[in-house]
Amino acid sequence: MPPSKGKGKGKKKGKSKKTKNRAPDATCNCIFRREIIINILSRLPVKTLIQFRCVCKPWRKLISKPKFIATHFRHSSSLQPSTGSSPVLLHTRHLKSYDHLLSLINLSSESSSVVELDNPFPFFLQSMVVVGSCNGIVCLCQPPWGDVITLWNPAMRQSRTVPLSKREPIMEAHSSVSIGLAYDSQENDFLVLSLKRFGPETVIADEVEMFSTMSFSWERVPNEVGFRVLGLSCNLIIKGVPYWSALLEDAYGSREVLVCFDLSKKVFDKLPMPGMRLETKGYLVNLEDSLGMLMWEKTDKYNVDIWVMDDEDGWSKKCNVGVLFGFDKIIGCLRNGNIVAEDENGVFFLFDPVTSSVKAKVCIDNANSGSSMIFNYSESLVLIEGMLPVKKQAARDKLARENLLKCGDQLLSFQL
Amino acid sequence: MASSTTGEKKILTLKGGDNEEFILEESLVLQSELLKNMVKEERVSSIPLPSIKSKTLVKIIEYLKKHAELTPSNKEEFKNFEKEFVNVVLEELLDITVAVNYLKINGLLEFCCQAVADRIKDKSVEAVRKIFRIESDFTPEEESEFRKETPEAFEGDLDDTTN
């Protein structure tokens, strides 16, 4: 505001200070300025915003605006300490029914919680892979052919499936399909990548196709690097970019590399992998929105090396962490670098590598130990055209089956 | 910023809504984008801020002083101060937020908006309307539809609009 205005206000002082301070805004039937309302509302959880749509028409309109949705996601995904540690998506199998359970798990020193979500994936399908999440959308699919691709917003409780490509994998020629999810923030476009793999005995590069939620169609993407990915889904998604560990055969021989999808050029790039021996295990992680890797000796359950990738210098070892307890399995790590590990009793530990201490402990009920995987997730208000509310039916069926199992147990103990 | 590099400290007077005067070092108010521009462009020595209550101004000046003293060694202390700073009744917190937005003190604005968000996130729709002095512009039919769709939005601490 120019200074002359400030002087003018001085002369008129005392006249109507309330109305000047809180002049009604034409775009908001509220005495607070629109910019303040936006600033406050964009920091609220999705659950609250769904309810606050009922406050008034301007709020309802605001909460569905793409610009507001983007601002809200920037806040919900920020790494600021004020917002606390962000929850992660947990994929486990039920101890008895072996159902796929998806939960939001919050690990923090103040309070840890596990909240089960309504899984939109058809429960009668035995296999399900969580591809990962970006911009509040989670991608699920069925291995090994990468079908039943489901895009899901857990916070908004809405989902839809992606139509399959006309170029289906050929049973004899292809061995499996690996799925990845990407988000092009420039175009506000979610991209599903489908990498068709040929049999392990061949060295033919993967065939790649890409589905865009904007154009709602599949198109071919050249695999100029000539890689063959290893897993059934991308290993990691950082800021909308999916990463895969892959094999590459070229003049230097056969080696393991990392490939990632370049969103602006819509092509794949290859990155080096840190040198690993056969005895070591590695786990790709997101460390403060940069590429990182946890590495440990298969026989040593007390030491973990943390490696980070730098665009200029490549991979370098950041530190070695002496984990106080022996872990059974490293599950992954939070974006702030805290390591999540599971012990032999299925208890989750949150380990702070800086202070070398266990920050939080949580027991996952009904989880088949060793089946757990975590994925970075930040909630958003984003919806994709054609999304429908996730039916509660799946939860009801689950309950019915649980009861059935309980009955079976009782019957068994009765007989004994 | 040229003025702050000269050795002597410049003094500035801020006049609150109820005409109360606050005398402080010019370097302190430079944290406010609005005041910084006024000082730079017009070389004023007294700035009237009729729209801001003196009580609110006292709080904001308290923050500016603390923030200016912030060093890596007293980070924890500052964090505790920030926590205490927003520990006021909701109406006062909103007054501060509105004033900070007007003065354009960016770091504090972020912090205040987050504090307001944390305070209202479990409130009912009715309570939020009261807090922000909003009249519902939905038809009674729409209103009852919402109550059916999201009953939880209308439950909760209806009258508790102060905390």
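This is a predicted model, so every value here is computed, not measured.

(A) Up close: the sheet that holds strand β24 (residues 357–363) of chain A. Residues and elements named next belong to chain A. With antiparallel pairing, the four strands of this open sheet are ordered in space as β21-β22-β23-β24. What marks the edges here is a single partner per strand, and that holds for β21 (329–333) and β24. Recorded for the sheet is a direction-independent mean angle of 25° between the axes of neighbouring strands.

(B) Representation of the packing of helix α4 (residues 54–68) of chain B against helix α6 (residues 90–103) of chain B. Residue and element names in this part refer to chain B. Relative orientation of the contacting elements α4 and α6 amounts to 70°, with a least axis distance of 10 Å. The angle between α4 and α6 falls in the class roughly perpendicular. Helix-helix and strand crossings are classified by hand; for α4 and α6 the assignment is right-handed. Touching Lys55, Thr56, Lys59 and Ile60 of α4 are Glu92, Asp95, Ile96, Ala99, Val100 and Leu103, all from α6. Of the residues contributing to the contact of α4 with α6, the split by class is five nonpolar, one polar and four charged.

(C) Focus on the UniProt feature "domain: F-box" (unreviewed entry) in chain A. Here, the residues flagged by UniProt with the feature "domain: F-box" (unreviewed entry) are residues 32–72 of chain A. Overall, residues 32–72 of chain A shows 71% helix and 0% strand. The separation of its end C-alpha atoms is 19 Å.

(D) Looking closely at the sheet that holds strand β3 (residues 113–116) of chain A. All names here are of chain A. As summarised here, the arrangement of the four strands in space is β3-β2-β1-β25, forming an open sheet in which the pairing is antiparallel. Only two strands of the sheet have a single partner each, and these edge strands are β3 and β25 (373–376). For this sheet, the mean inter-axis angle between neighbouring strands, taken without regard to orientation, is 30°.

(E) Molecular detail of the layout of surface pockets. Residues and elements named next belong to chain A. Approximately 990 Å³ is the volume attributed to the second largest pocket. What lines the second largest pocket is a set of 33 residues, among which Phe73, Cys134, Asn135, Tyr183 and Ser185 lie closest to the centre. Taken together, the elements giving at least two residues each to the lining of the second largest pocket come down to α6 (66–76), β4 (129–134) and β13 (236–238). Element by element, the count of residues in the lining of the second largest pocket is highest for α6, at five residues. Classifying every residue of the lining of the second largest pocket gives 17 nonpolar, 11 polar and five charged.

(F) Quick peek at the environment of Glu77 of chain B. Within the secondary structure layout, Glu77 of chain B lies in helix α5 (residues 75–85). The sequence separation of Glu77 of chain B and Lys66 of chain B amounts to 11 residues, and the corresponding C-alpha distance is 9.8 Å.

(G) Geometry of helix α3 (residues 34–41) of chain A. Every buried residue of α3 of chain A is listed here: Ile36, Ile37, Asn39, Ile40 and Leu41 of chain A. Elements that come into contact with the buried residues of α3 of chain A comprise α4 (46–52), α5 (57–63) and α6 of chain A together with α6 and α7 (106–120) of chain B.

(H) Region of interest: the domain arrangement of chain B. Along its sequence, chain B is organised into domain 1 (11–120) and domain 2 (125–154). On a C-alpha basis, the centres of domain 1 of chain B and domain 2 of chain B stand 34 Å from each other.

(I) The arrangement of the interface of chain B and chain A in detail. In this complex, chain B contributes 43 residues to the contact, which on the side of chain A involves 37 residues. The junction of chain B with chain A conceals about 4000 Å² of combined surface from both sides, 63% of it contributed by carbon and sulfur atoms. On the surface where chain B and chain A come into contact, there are one salt bridge. Residues Arg43 of chain A and Glu110 of chain B are paired through a salt bridge, measuring 3.0 Å at the closest nitrogen-oxygen approach. Between the two partners, chain B and chain A, sit six residue pairs in polar contact (both at pLDDT 80 or more). Looking at the side of chain B that touches chain A, the elements with two or more residues in it are α3 (33–42), α6, α7, α8 (125–131) and α9 (140–149) of chain B. In terms of residue count, α7 of chain B provides more of the side of chain B that touches chain A than any other element does, seven residues in total. Looking at side-chain class alone, the side of chain B that touches chain A contains 21 nonpolar, seven polar and 15 charged residues.

Parameters and conventions
- Residues numbered from 1 in each chain as written.
- Chains lettered and ligands numbered in written order.
- Predicted model: local features only at pLDDT ≥ 70, side-chain atom pairs only at ≥ 80, totals over all residues.
- Heavy atoms only, no water.
- Pairing = 2+ DSSP bridges.
- Helix = DSSP H or I, 4+ residues; strand = E, 2+ residues; numbered from the N terminus.
- Axes fitted to C-alpha atoms, helices over the stretch in contact; angles between N-to-C directions.
- Parallel < 35°, antiparallel > 145°, perpendicular 65-115°, else oblique.
- Left-handed = near helix turned anticlockwise from the far one by under 90°.
- Contact = heavy atoms within 4.5 Å.
- Nonpolar A, V, L, I, M, F, W, Y, C, P; charged D, E, K, R; others polar.
- UniProt positions renumbered as here; feature names shortened; annotations may be inferred.
- 1 Å grid on protein atoms, 1.4 Å probe; cavity = no way out; pocket = protein on both sides within 12 Å on 5 of 7 lines; lining within 4 Å.
- Points joined across faces, edges and corners; volume = space filled by probe spheres on them.
- Buried < 20%, exposed > 50% of the residue type's maximum accessible area, 1.4 Å probe, protein only.
- Domains from an automatic or database assignment.
- Buried area = accessible area lost by both parts, 1.4 Å probe.
- Salt bridge = Lys/Arg side-chain N within 4 Å of Asp/Glu carboxyl O.
- Polar contact = N/O pair within 3.5 Å; in protein donor to acceptor, adjacent residues only side chain to side chain.

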